[in-house]
Structures are given as structure tokens and as C-alpha cells.
Amino acid sequence: MFKLKEKLLLSDKGYSDLKKAIAACTITNLSLMLPFGITIQIFAELLKPLMGEELSWARMWIYFGLGLVAALLVFLANKNDYKKTYVASYMESEANRIRVAEHIRKLPMSFFNSRNLSELTTNIMGDCATEEHVLSHIIPQLLANGISIAVICLALAIFDWRLALTVFCTVPLAFLIIVISRKITDRLSEKHVDSKLEASDQVQEYLEGIKVIKSCGLAGAKFSTLDNAIKHMKNMSMKLEFVGGVLVTGAQIVVQSGIGLTVFVGTYLLTAGEIRLIPLLMFFLIVVRIYGPVLTELTLLPELLYMQVATARMRTLVSTPVMEGNSERKIRDFNITLQNVSFSYTGKLSKEETVIRDLNLSIPPNSITALVGPSGSGKSTLSKLIARFWDVNKGTVKIGGIDVKTLEPEHLMSYISFVFQDVVLFNDTVYNNIRIGNMDATREQVLAAARAACCDEFALSMPEGYETLLGENGSTLSGGERQRISIARALLKNAPIVLLDEATASLDPENEVLIQQAISRLIEGKTVIVIAHRLRTIAGAGKIIVMDKGRAVEEGTHEELMRKKGLYERLYTIQQDSLGWSV
Ligand code: ADP
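On a predicted model such as this, the values are computed, not experimentally measured, just so you know.

1. A closer look at the overall build of the protein chain
Now for step 1: If you tally the helices and strands in the protein chain, you get 23 helices and 10 strands.
Now for step 2: Here the protein chain has a C-alpha radius of gyration of 35 Å; the compact-globule value for 583 residues is 25 Å, and the former is much larger.
Now for step 3: Along the three orthogonal principal directions, the C-alpha set of the protein chain runs to about 120 × 50 × 45 Å.
Now for step 4: Among the 583 residues that make up the protein chain, the fraction classed as buried is 46%.
Now for step 5: Here the contacts in the protein chain between residues at least 6 apart in sequence split such that 77% fall between residues at least 24 apart.
Now for step 6: Total accessible area on the protein chain is roughly 29600 Å²; 61% of this is exposed by carbon and sulfur atoms.

2. As for the site of the ligand
Now for step 1: Around the ligand sit 12 residues in total, of which Asn113, Gly376, Lys379, Ser380 and Thr381 are the nearest.
Now for step 2: The contact in question runs from an oxygen atom of the ligand to an N or O atom on the side chain of Ser380, over 2.6 Å.
Now for step 3: Its free accessible area being 560 Å², the ligand has 69% of it covered by the protein chains.
Now for step 4: Among the elements that line the shell around the ligand, the one with the most residues is helix 14 (residues 379-386), at 3 residues.
Now for step 5: Within the shell around the ligand, the residues separate by chemical class into 3 nonpolar, 8 polar and 1 charged.

3. A word on the confidence of the model for the protein chain
In low-pLDDT regions, the fine details of the predicted coordinates are not to be read closely.
Now for step 1: Model confidence for the protein chain is summarised by a mean pLDDT of 85, while 94% of its residues fall at 70 or above.
Now for step 2: Ignoring residues within four places in sequence, the model shows residues 579-583, a span with pLDDT below 50, making 18 contacts including any to other chains.

4. A short note on the domain arrangement of the protein chain
Now for step 1: Under the domain assignment, the protein chain is made up of domain 1 (1-319) and domain 2 (336-579).
Now for step 2: Between domain 1 and domain 2, the C-alpha centre-to-centre distance is 54 Å.

5. Digging into the environment of Arg182
Now for step 1: With respect to the helices and strands, the residue Arg182 is situated in helix 9 (residues 182-208).
Now for step 2: A C-alpha to C-alpha distance of 10 Å links Arg182 and Gly244, two positions 62 residues apart in sequence.

6. Let's talk about a nonpolar patch on the surface
Now for step 1: Taken together, the side chains of Leu34, Val69, Leu72, Leu73, Phe75 and Leu76 define a hydrophobic patch exposed on the protein surface, amounting to about 560 Å² of accessible area.
Now for step 2: If you trace the backbone, Leu72 turns up in helix 4 (residues 57-106).
Now for step 3: Classification of Leu72 as exposed rests on a relative accessible area of 52%.

7. Points about the side chain of Thr527
Now for step 1: Within the secondary structure layout, Thr527 lies in strand 8 (residues 527-531).
Now for step 2: For Thr527, a relative accessible area of 0% corresponds to the buried category.
Now for step 3: Thr527 has contacts with Phe334, Ile336, Pro364, Pro365, Asn366, Ser367, Pro496, Ile497 and Val498, leaving out every residue within four places of it along the chain.

8. So, the sheet that holds strand 7 (residues 497-501)
Now for step 1: Spatially, the 6 strands line up as an open sheet ordered 6-7-8-3-9-10, and their pairing is mixed. Edge strands, defined here as strands with exactly one partner in the open sheet, are strand 6 (416-419) and strand 10 (551-556). Pairwise comparison of adjacent strand axes, ignoring direction, gives a mean angle of 20° for this sheet.
Now for step 2: Packing of helix 19 (residues 479-493) onto the sheet brings it into contact with strand 6 and strand 7, and relative to strand 6 it is tilted by some 175°.

9. Notes on empty space enclosed by the protein
Now for step 1: This structure, assessed with the given rule, holds 3 cavities of 30 Å³ or more.
Now for step 2: Lining the second largest cavity we find Leu10, Gly14, Asp17, Leu18, Ala21, Lys84, Thr85, Ala88, Ser89, Glu92 and Leu135.
Now for step 3: Listed by contribution, the elements that provide at least two residues to the lining of the second largest cavity are helix 2 (12-31) and helix 4.
Now for step 4: Grouping the constituent residues of the lining of the second largest cavity by class yields 5 nonpolar, 3 polar and 3 charged.

Each value, and the rule that gives it
- Residues numbered from 1 in each chain as written.
- Predicted model: local features only at pLDDT ≥ 70, side-chain atom pairs only at ≥ 80, totals over all residues.
- Heavy atoms only, no water.
- Helix = DSSP H or I, 4+ residues; strand = E, 2+ residues; numbered from the N terminus.
- Rg over C-alpha atoms; globule rule 2.2 N^0.38 Å.
- Buried < 20%, exposed > 50% of the residue type's maximum accessible area, 1.4 Å probe, protein only.
- Contact = heavy atoms within 4.5 Å.
- Areas by Shrake-Rupley, 256 points an atom, 1.4 Å probe, with all protein chains shown as cover.
- Near = heavy atom within 4 Å.
- Polar contact = N/O pair within 3.5 Å; in protein donor to acceptor, adjacent residues only side chain to side chain.
- Nonpolar A, V, L, I, M, F, W, Y, C, P; charged D, E, K, R; others polar.
- pLDDT = per-residue confidence, 0-100.
- Domains from an automatic or database assignment.
- Patch = residues over 30% accessible without salt bridge, like charges linked within 9 Å, V, L, I, M, F, W, Y side chains within 5 Å.
- Salt bridge = Lys/Arg side-chain N within 4 Å of Asp/Glu carboxyl O.
- Pairing = 2+ DSSP bridges.
- Axes fitted to C-alpha atoms, helices over the stretch in contact; angles between N-to-C directions.
- 1 Å grid on protein atoms, 1.4 Å probe; cavity = no way out; pocket = protein on both sides within 12 Å on 5 of 7 lines; lining within 4 Å.
- Points joined across faces, edges and corners; volume = space filled by probe spheres on them.

See below:
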């Protein structure tokens, strides 16, 4: 049905529910005609004395009785309609939100590189709410009204086709106005949606950066950007409302001009003796009522067209292919090799420069390999390629001889622990934040991992120990404490490969010692790749790979590289001289 299923991203159940909702709405619409038909009958009965006939009270009582039955039927139809339309659509949009969130989880990182957070949030929350509105308040009513109009039109045509034609001849004209002006309204709708997005972006940036804004005295400048975005959104909303209002009102006037036309044609037919007075009067009564569904259609249709534009992003999101691969294949050996790998970031936010160039590497299993090199040389990128956050443009990345491109990302991730610099913490307890590492772990295992990662020191001094809530992104914790939580997660996960991005920011000596302790417990017997910024960690590395501009320029042990007197030796000497180089 008009590809509704694909367009509204409906599940099979959602689609069948929608069909039931349309049927229920049609029944309600038609049931509303019952009291109206009875009123007309009463009216005709009351007019009988005028025509020299006798008014029958017996019949009048029957009509009153029928009126009561009709009221009951309308109530039942409405009740059924409510259940079928609203309850079903809220259930479907709940499923839809979960589906979109699941889909996002499986999307390649390139997708996120071209979208910022507020756009994604708007997608899940806003667009799903829009879809919900379409499902509950627009589609069923729109189609049900369409069906009702067709049924009524047919019934009138049987009664008198000339008058029926007069009543409905203005309707196509009115819809033509809406359809022809679609280009203008679509363009306006797009601008309106963009302005809303820009405003929510600015609000988010303003709130997130409030500390920096205050401390750097940027309040004026940042506020005016936000102010402008909000003003622009207001202007676009007003413009859209105005143009939409003019078009819908125009179309409604065109439809209603049908009343005058019907009076004119009806009177003409009456004087020509083609129709009798009573049926004509009844027709006039019907005409006033009959335009109800048509006028509703004229307000719903532009809304539907707007929704179509507003949810375009969500459709793009859902139709973006996810990263796929084998989720059964076991990796048994953990040596990692890169062959002729080239890579550049794609997406709206990147410059598309080649970040990794023709790289050939071998990382031995069960030992520590350090990646060093100037900032921007591609160390983090390399670790992300190994974990298949991105797919390489050329060449292959293999773990234990298996191309990571052939593995399902979540399956691959079960073999890898990441300890990033920027630790993401959730608005939950310390305990639950650690348990994320392995949701199947027992309480003892979680606490053991926490202890091994030296979390006891700070967690037990908190008001409710491990059950203390962390607040949004753990804003109450220090950098070192956050890192220890992330190490505890990794310990709990106990994956055979550990990718470690050593902290660049200097920590206080106590934290530093505790983190080193925690890390040494984490990496025991694992295949470890450490992005090293300081020399201390490198001391234990079996292999050091020196990166420069996306290439591995040197590799070997510390002693070998020092003897070579190349880039490593230079960087090492500079750092020793404390000139701020990080290797
Ligand atoms: P390193 O870890 O050695 O400091 P990175 O791997 O982080 O280097 O970055 C290498 C290059 O890739 C840099 O020029 C950086 O600007 C770019 N880059 C890193 N991440 C992204 C990204 N998500 N999108 C676009 N470019 C990126």
C-alpha cells in the first residue's frame, strides 16, 4: 500500500496493525454518518405536514430509539479506533526506537564521522516521535477519510449524480493546490528541519562547553551564535506556518465554494422540475456535513508531506548498510599482520587525506608491542583498523591469519579490550560502570577486577562505595580514577588482545603508580599494543614500531633502535632533554 511499510520503517506486526487502524478509523468515520442520517430522517418527518401528509409519532419514536443505538455504536467504534490506532502505534514506535538504536550500534564508524551527536539524538528521539505522530494521528485518519469520502460520494451519486458531481467537483481542485505547491513547501520544510537541527546543535554545544565559555569569557559571542540559531528557527517556523496556512486555507475555501455551487445547481434543477423540494433541502443539509472529511484531508496531507521531509534522515540512517561478517569463526592465534594497508578517513568531517600509507607490519602474539611516533602519525588510527572500527581502503589486516573484514565487528570485539584515553562513563553506579566489561560476570568477579585495577582506593571512600552514582559521564571522578575504571572493565572482559592508549596528560605520582600496577595486571600474558607517549611503558616492550606520516619507519627493540640512530633515537633524545616530544 503506497510502500507505506518501507516508508514508515514498519515491522510486519506494525504494518498489519496499521491496516487494522485504518479499518477502525473508517468504521468510526462511517458510524458518524448514522446519527446524521437519522437527523435527516427526523427532519423529513417534521416537514411532512408542509406537504399535506401526516406526521407519524410512532416513526418519530423509532428514530429516537435508533438515535440512541447510533450513539452507542459511535462510542464503541471510537473506543475500538482508539485502541487500534494509538496503542498499536505507540508500541510500534517503541520497537522502532530500539531498532534504530540497534542499527546505529552496527554502523561503520565512517557514518559517525559525518554526523554529530545532536543529529543522531534528534534522529532517534525526534524522528521516532514524528513517525509516532504520523502513525497515530495522520495515516489512519487520512486513508479512512479518503475511503469515507469515496463511499459518501458513491451514495450521493446513486441518489442524484448531477448534484453529487457538483458537490465534489471542487475537491480535486483543492488537492491540486496542495500537490502543485509541494516543491515550495518541501523546500521550506527542509530549511525548517535544518534550522531546528542547527538550533539543537547550538544548545548542545553551549551546554557542553559552559565551563570553557565561562572561563574564557566567551559568553557574549557564544550566546549570540545560539541566539541567532534560535531566531533563525523561529523565522523558519513562522514562514512555514504562514505558507502552509495560506495554502491549506486557500484549498479549503475552494472546497467550500462547492456549497454555493450546489445551491445554485440545486435551485436550477428544482425550477426545472428535475428534483423535488424535500430531497433538495436534505441534500443541502448533507453538503454542509460532507465537507468535514475533505477539510480534514486538506490539513492532514500537508502534515504528511512535512513529516516525509522531517524523517528523511532517519530513513537514510536505517538504510545505511551495517558492517557484516562471520560471527562464529574462532580466532585461535593472536599474531596481527598488516599487508599493504592504506587508509583515509571518509565522511563530512574529514579531509580525506591518506592517514596510513602502504603499511606492512607484524605484531607478535603474547607480547607487548609499542607504537610510537609524533602526534598525528597514525598510531590511534592503526589501533582502530585492527579493531575494525573502520575498514581499510587497501590491503588487509589479519588476526591469526583471518582478515578482520570477514569478521562481524561485535564478534571481533569480543577478542579485544580497549583502554582509551577518553574514558566514557555512564550515568550509573561505579559497580555497573565496571560490569560493562562483562555483563555475565558475578559480583565477586566484578569486585576482584575493580580491586586489581586499584579502584578500591577511591570507590570505597565514596558515600555509597561501589553503589555510588557517578553522575553524567562521571564528572565527579579524576582522570586517573576514570582510567582505572576503564582498566577494571578490560580486566573483567579478559580479552586476549589489549589495545592501550597511554594517557598523555600527566597524572599525579600516586595515580601514576596505581595505574601502572593496574596495567601490568591487565596485560599479563596478552597480545598488547600500546600507543606510548612516555618511555617508561616502552621499557618492557618486545617490539617498538616507530610511525611517521602513516608509515612504519623503524622497528625493533629499544636498544636496536637506539643503535640505529634514526627517528626513534632523535625523539628519545629530545624527550630526554624534556623538550616536550612525546614518543
Ligand atoms: P596519532 O594517534 O598518531 O596521534 P591519529 O591516528 O589520531 O594519530 O591521527 C592521524 C591523522 O588522522 C591525523 O591527521 C588526524 O587529524 C586524522 N584523524 C584522526 N581521527 C580522525 C577522524 N575520526 N576523522 C578524520 N580524521 C581523523
